[in-house]
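# A look at the structure
Here is what each chain is made of, one letter per residue.
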Amino acid sequence: MSSYPATEPYRGTDHGGFAGVAALLLGLALGAVVIVSVFLVKAADDARDDAAAMTKQAAPASAHDHTAHQSLPLTSFAGKAAPNAEALAEAHNAYPAALPAVPAGNLVHVNMTLKDMTVEIAPGVKYNTWAFDGHGAPGPIVHVRQGQTVEMTLKNGGSIPHSIDFHAARIAPNIAFRDVAPGDSFIFRFKAGDPGVFMYHCGTKPVLAHIANGMYGAIVVDPAKSLPKADNAYVLVASEWYLSSDGIQEPASLNMDKARAMAPDWTTFNGYANQYVTHPLTADPGDTTRFYVVAAGPTLDTDFHVVGTIFNRAWVNGDMSQFQRGVQTVGVPAGGGAVFDVKIDEEGLYPFVSHAFAHVDLGQVGLLKVGNPKGHMSH
Ligand SMILES: [Cu+2]
């Protein structure tokens with residue numbers, strides 16, 4: 001006895017025998033015909049669409065559009081600087097790397113306005129960024145203590161939608177990191193629950209272009225239980241620039257092909273090639289100096305190393321629960337951060353670099369000047 005309807009073939013095989021099996025096969029066959037027909041119609045549609053698209057593309061490409069499918073090798077403007085580069089480097093206002101103080105109170109208001117602005121990224125080399133009003137790239141350093149709440153007000157003063165993604169936040173990104181239209185502003189809050197040094201960046205698609213155009217920065221979250229005392233604390237944001245021209249006569253813009261090929265023209269700490277060679281960071285002999293390093297990318301890592309010393313403490317990957325001792329070089333992945341202490345007793349000029357040395361050649365190098373040493377670095 002069955003309470004199921006007789007039209008359900010698989011339920012009736014016990015009793016229905018041949019009729020049930022035949023109905024099942026017929027059903028399957030019909031189904032297959034329908035599926036094949038749908039597929040054929042879809043395939044025909046796709047073929048028509050493809051043909052239309054190819055016709056559309058063919059016309060402009062053959063007429064005058066030579067840049068649409070630029071092929072490698074790409075022209076490199078690596079290292080090209082203005083003729084008076086030395087004077088311009090001297091005149092440049094170095095990005096203030098010193099870690100600012102933590103604001104008082106449980107709620108920290110952070111305001112950022114995004115703006116299309118032309119900045120200098122190397123001596124005499126100008127670039128059209130989508131960056132931060134009053135800062136360029138990187139954006140302002142945010143410094144809070146674990147447990148504080150950050151209230152972020154993002155104003156979009158640019159010409160296209162942007163957003164902000166804080167790696168220090170545990171929050172639904174589809175809401176907090178949503179696109180903000182030009183002229184609009186958006187406020188969201190998150191609790192800084194995890195200590196470390198984190199990247200923030202625009203997360204609007206294509207993210208590669210938005211980060212490459214300067215939309216990134218660092219947020220330092222102090223652990224609730226204080227770190228060992230440091231005498232100086234500096235924040236370094238490593239990044240790459242991909243240029244459409246040398247940027248000397250007129251500002252360069254993003255070359256997306258170079259960005260995809262990971263072939264930067266310049267790489268920098270805090271947005272400007274070699275700025276801390278000309279304007280060194282400082283320490284006194286015997287000081288413990290702390291570096292908070294973020295690799296903003298958009299794509300390349302930074303292998304952080306300080307020439308002439310060894311890290312007394314390295315909070316690798318920004319894991320503030322433990323540190324390594326006596327480490328020479330630590331990789332900071334694109335999108336990651338780490339914290340380093342060096343205690344240097346002897347007066348001198350101590351270069352800090354990415355020890356992936358192409359970066360040094362492209363501008364990702366600076367000096368820690370300990371005391372008042374005589375002479376200059378040879379490199
Ligand atoms: Cu953006």
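Described in the following lines is the structure provided in the data block.

Rules behind the numbers
- Residues numbered from 1 in each chain as written.
- Predicted model: local features only at pLDDT ≥ 70, side-chain atom pairs only at ≥ 80, totals over all residues.
- Heavy atoms only, no water.
- Helix = DSSP H or I, 4+ residues; strand = E, 2+ residues; numbered from the N terminus.
- Buried < 20%, exposed > 50% of the residue type's maximum accessible area, 1.4 Å probe, protein only.
- Contact = heavy atoms within 4.5 Å.
- Areas by Shrake-Rupley, 256 points an atom, 1.4 Å probe, with all protein chains shown as cover.
- Donors = N, O, S within 2.8 Å, 3.2 Å for Na, K, Ca; no water.
- Pairing = 2+ DSSP bridges.
- Axes fitted to C-alpha atoms, helices over the stretch in contact; angles between N-to-C directions.

### Digging into the overall build of the chain
When you go through the chain residue by residue, the secondary structure sums to eight helices and 18 strands. When the 379 residues of the chain are sorted by exposure, 43% land in the buried category. Put simply, of all contacts in the chain between residues at least 6 apart along the chain, 74% involve residues at least 24 apart. Of the roughly 19200 Å² that the chain leaves accessible, carbon and sulfur atoms contribute 56%.

### Regarding the coordination of the copper ion
Around the copper ion, the protein contributes the donor atoms His 162 (ND1), Cys 202 (SG), His 210 (ND1) and Met 215 (SD), which lie 2.0 to 2.5 Å from the metal centre. Written as a sequence motif, the donor arrangement for the copper ion is H-x39-C-x7-H-x4-M. With His 162 in the loop between strand E4 (149-156) and strand E5 (165-166) and His 210 in helix H5 (residues 207-212), this residue pair connects regions lying 48 residues apart in the sequence.

### Focus on the sheet that holds strand E16 (residues 336-343)
Read across the sheet, five strands follow the order E10-E9-E12-E16-E14 without closing on themselves; strand pairing throughout is mixed. Here the strands that pair on one side only, and so sit at the sheet edges, are strand E10 (266-269) and strand E14 (313-315). Averaged over all pairs of adjacent strands, the angle between their axes in this sheet comes to 15 degrees, without regard to strand direction. Sheet topology note: the strand E9 (residues 232-241)/strand E12 (residues 288-297) ladder contains eight bridges and is parallel. Paired with Ala 238 across the two strands is Ala 295, which belongs to E12.

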